[in-house]
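Take a look at the letters that make up each chain.
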Amino acid sequence: MSDLARLIERPRIPLAHLPTPITPVSWDLGAVRLYLKRDDLTGSGLSGNKVRKLEYLIADARARGCDTLVTCGGIQSNHTRATAVAATLCGLRSVVVLSGEEPSELDGNLLLSRLVGADVRIVPAMPSAERHARMLQIAAELEQEGMRPYVMPSGGSSEVGALGYCRAAFELAEQLEADPRGIGCIVHACGSGGTFAGCHIGRELTGLEPRHVAVIIEGTVREWRASLADYINRTANYWDIDLEADPDAIALLDGAGRGYAVNTDEEMDFMVRFARCTGIFLDPVYTGKALYALDRDVRRGVFDPGGNVLFIHTGGMYGLFPRRRGLMEALKRAGG
Ligand SMILES: Cc1ncc(COP(=O)(O)O)c(C=O)c1O
């Protein structure tokens, strides 16, 4: 069995609607065409990239006899919402640890998590390492209460979670083999790194030709190169794959702007223009920032995509609703 088959054929609970389609969009990117791989269409409650990871994570949780999925994120985390929905679909409990200020109204991802019965624990805003430690503490308490928790790091980005995007790279290779569409590079937003690490390993194992580029939406390119290479190498080691990532060879664009979940007017205006031009919604935290940065860098000639661009639309649409005020201002600037 090849390394690829060995990885992607690991136990998996099918939850996502796959394969997701690749569609051209009527967006002017200068000399090149923009295509979207619609991972925002993996499901409705399960929409986005996280469900691909959860397919493997939940299979692992079941194999270990766990009955409660425990994870963490920001108040409007897409991953914790997808976890809550997937847990309920699979007859498991979910406990989600969210950091930030408790909102006065339920909205977006938080509302959906509550609707499907997640046990939501809101903790103050804190660095992600501290939030992770808090989650481990909560998991230990759950265990003492008789539950069997399965703990997932933020974004579901563990060695097991990365398999979701190994499989996606394989899916993509099949789609591009059937119709190459002149794709020169595959681009997506990077948050906790699981999408990038999985895709990177899957691309190496399938021999996918287009370049693979991530757009960071917080932090610095230098930090991310090191941490993504480390994550890829840990994952390859865990699954006994002979592969080593070189941090300097990791291609990243800088879409961090004002930082995590903070948007410039230009980013908000871009999301409005994109929706009006294409009928497709981007989200303010990941896809909107990432596609804005990609569009900017291609236009300025700072980034040469080497052919048409395939942007993986990783979802996040429920994050639009809690940002309605900023979007209304953008709509005003766009003339109503
Ligand atoms: C909508 C959306 N896009 C992209 C990402 C980034 O994916 P990853 O965490 O695997 O880097 C996330 C989550 O972090 C997300 O919710």
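Please read all numbers here as calculations on a predicted model, not as lab measurements. (Residues numbered from 1 in each chain as written. Predicted model: local features only at pLDDT ≥ 70, side-chain atom pairs only at ≥ 80, totals over all residues. Heavy atoms only, no water.)

A short note on the packing of aromatic side chains
The way to describe two aromatic rings as a pair is by their centre distance and the angle between their planes.
Okay, step 1: Evaluation of the coordinates by the stated rule reveals six aromatic pairs.
Okay, step 2: Centroid distance Tyr260 to Tyr286: 6.3 Å. Interplanar angle 70°. Geometry classified as edge-to-face. Of the two residues, Tyr260 is situated in the loop between strand E9 (251-254) and helix H9 (265-278) and Tyr286 in the loop between H9 and helix H10 (287-299); the sequence distance between them amounts to 26 residues.
Okay, step 3: On the basis of relative accessibility, which here comes to 35%, the residue Tyr260 falls in the partly exposed class.
Okay, step 4: Over the aromatic face of Tyr165 sits the side chain of Arg52, whose NZ or CZ is 5.5 Å from the ring centroid. (Phe/Tyr/Trp six-rings, centres within 6.5 Å; stacked < 30°, edge-to-face > 60°. Helix = DSSP H or I, 4+ residues; strand = E, 2+ residues; numbered from the N terminus. Buried < 20%, exposed > 50% of the residue type's maximum accessible area, 1.4 Å probe, protein only. Lys NZ or Arg CZ within 6 Å of the ring centre and 35° of its normal.)

Here we look at the state of the cysteines
Okay, step 1: Applying the stated criterion across every chain yields a total of zero disulfides.
Okay, step 2: Of all cysteine sulfurs in the structure, the one in Cys199 sits closest to Cys190, which takes part in no disulfide; the separation is 11 Å.
Okay, step 3: Between Cys199, a free cysteine, and Cys166, which holds the nearest cysteine sulfur, the sulfur-to-sulfur gap is 8.4 Å.
Okay, step 4: Cys199 sits in the buried class, given a relative accessible area of 4%. (Disulfide = S-S within 2.5 Å.)

Some points on the pairing of strand E3 (residues 68-74)
Okay, step 1: Most of E3 is tucked away: seven of the seven residues are buried.
Okay, step 2: Pairing of E3 with strand E4 (residues 93-99), which is carried by seven bridges, proceeds in the parallel orientation. Of the residues in E4, the one forming a bridge with Leu69 is Ser94.
Okay, step 3: In this view, the connection linking E3 to its parallel neighbour E4 by way of helix H3 (residues 78-89) has right-handed handedness. (Pairing = 2+ DSSP bridges. Right-handed = clockwise from strand over helix to strand, strands pointing away.)

Considerations on unusual backbone geometry
Okay, step 1: Of the consecutive residues Leu18 and Pro19, the connecting peptide bond is found in the cis state with omega at -5°.
Okay, step 2: Secondary-structure assignment places Pro19 in the loop between helix H1 (3-8) and strand E1 (22-24).
Okay, step 3: In the Ramachandran plot, Ala261 falls in the positive-phi region, its phi being about 60° despite a non-glycine side chain.
Okay, step 4: Tracing the chain through its elements places Ala261 in the loop between E9 and H9.

As for the domain arrangement of the protein chain
Okay, step 1: As far as domains go, the protein chain holds domain 1 (3-48 + 159-333) and domain 2 (50-156).
Okay, step 2: Using C-alpha coordinates to define each centre, domain 1 is positioned 23 Å away from domain 2.
Okay, step 3: Each partner contributes residues to the interface: domain 1 has 37 residues there, and domain 2 has 28 residues.
Okay, step 4: Together, Ile13, Leu15 and Leu46 form the three largest contributors to the area buried by domain 1 at its contact with domain 2, with a combined 24%.
Okay, step 5: As a salt-bridge pair, Glu55 and Arg12 come within 2.6 Å of each other at their nearest N and O atoms. (Domains from an automatic or database assignment. Contact = heavy atoms within 4.5 Å. Buried area = accessible area lost by both parts, 1.4 Å probe. Salt bridge = Lys/Arg side-chain N within 4 Å of Asp/Glu carboxyl O.)

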